[in-house]
Amino acid sequence: MARRSQGVPQDPGYVPSRNSDDRLIYRRAENGEMVGYTPAEYGVRKDDGGGVVKPVNSSGGLLFLSVLASLFAGGVVYGIVRIALDGTWNILGEVWWVIPVGVFVPVAAWSSYFKERRAEKLRKASNLARPVE
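Residues numbered from 1 in each chain as written. Predicted model: local features only at pLDDT ≥ 70, side-chain atom pairs only at ≥ 80, totals over all residues. Heavy atoms only, no water.

### Some details on the overall build of the protein chain
Regarding its fold elements, the protein chain presents four helices and two strands. Seen in sequence order, the protein chain has helices and strands lined up from the N terminus as β-β-α-α-α-α. By residue count, 20% of the 133 residues in the protein chain fall in the buried class. Contacts spanning at least 24 positions in sequence make up 59% of the contacts within the protein chain whose residues lie at least 6 apart. Of the accessible surface of the protein chain, which amounts to about 9,700 Å², a share of 59% is contributed by carbon and sulfur atoms. (Helix = DSSP H or I, 4+ residues; strand = E, 2+ residues; numbered from the N terminus. Buried < 20%, exposed > 50% of the residue type's maximum accessible area, 1.4 Å probe, protein only. Contact = heavy atoms within 4.5 Å. Areas by Shrake-Rupley, 256 points an atom, 1.4 Å probe, with all protein chains shown as cover.)

Here it is, written out as structure tokens:
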């Protein structure tokens, strides 16, 4: 095929190949077969990462962790308000690290939840099983 003809439909039913940016991730699905997922369909990391504790990677579990992290962030805000009302600003010198953690953890938790939720919807639309590893 000539270079100028690439990407031009040649036959009825022609489907252009996927972009090289859209590489597939091959993982074992719940039904035991190897399936290729796009990064958007794969979602958050599914393997255990070699850790002692198996990570939470279902949308329900991530939602629970996101709500829990948001409650923690609310506690951080409450603590800052109490410090401001009491005028005990010297306490922040000892626990300043709680403020960035109180912001970062909920943001990371909610972004992981939304990433996995979007991946679940894409897998359902494509009729793909959930990857398990």
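### Some remarks on a nonpolar patch on the surface
On the surface, Phe72, Ile91, Val95, Trp96, Trp97, Val101, Phe104 and Val105 cluster together into a nonpolar patch covering about 760 Å² of accessible area. Per-element tally for the nonpolar patch: the top contributor is helix 4 (residues 98-126), with three residues. Within the secondary structure, Trp97 sits in the loop between helix 3 (92-95) and helix 4. (Patch = residues over 30% accessible without salt bridge, like charges linked within 9 Å, V, L, I, M, F, W, Y side chains within 5 Å. Salt bridge = Lys/Arg side-chain N within 4 Å of Asp/Glu carboxyl O.)

### Comments concerning the environment of Tyr42
Tracing the backbone shows Tyr42 in helix 1 (residues 39-42). Separated by 90 residues in the primary sequence, Tyr42 and Val132 have C-alpha atoms spaced 10.0 Å apart.

### A closer look at the environment of Val77
Position of Val77 relative to the elements: it lies in helix 2 (residues 59-86). Judged by its relative accessible area of 52%, Val77 is exposed. With 22 residues separating them in the primary sequence, Val77 and Ile99 have C-alpha atoms 8.4 Å apart.

### What about unusual backbone geometry?
Although it is not a glycine, Asn127 adopts a positive phi angle of roughly 60 degrees. If you trace the backbone, Asn127 turns up in the segment after helix 4. A residue is classified by how much of its surface remains accessible, and Asn127, at 71% relative accessible area, is exposed.

### Some words on the packing of aromatic side chains
Applying the stated criterion across every chain yields a total of four aromatic pairs. A centroid spacing of 6.4 Å and a plane angle of 55 degrees characterise the contact between Tyr37 and Tyr42, whose relative ring orientation is tilted. A relative accessible area of 0% means that Tyr37 is categorised as buried. The rings of Trp110, Tyr113 and Phe114 are connected pair by pair, giving a single aromatic cluster. (Phe/Tyr/Trp six-rings, centres within 6.5 Å; stacked < 30°, edge-to-face > 60°.)

### Examining the pattern of salt bridges
A complete count under the given rule lists three salt bridges for this structure. Arg123 is paired through a salt bridge with Glu116; the nearest N and O atoms lie 3.0 Å apart. Here Glu116 falls in the buried class, since its relative accessible area comes to 0%. For Arg117, the salt bridge is made with Glu120, and the minimal N-O distance between the two is 3.0 Å. Within this pair, Arg117 and its partner Glu120 are both found in helix 4, separated by three residues, close to a single helical turn. On the accessibility criterion, Arg117 (34% relative accessible area) is partly exposed.

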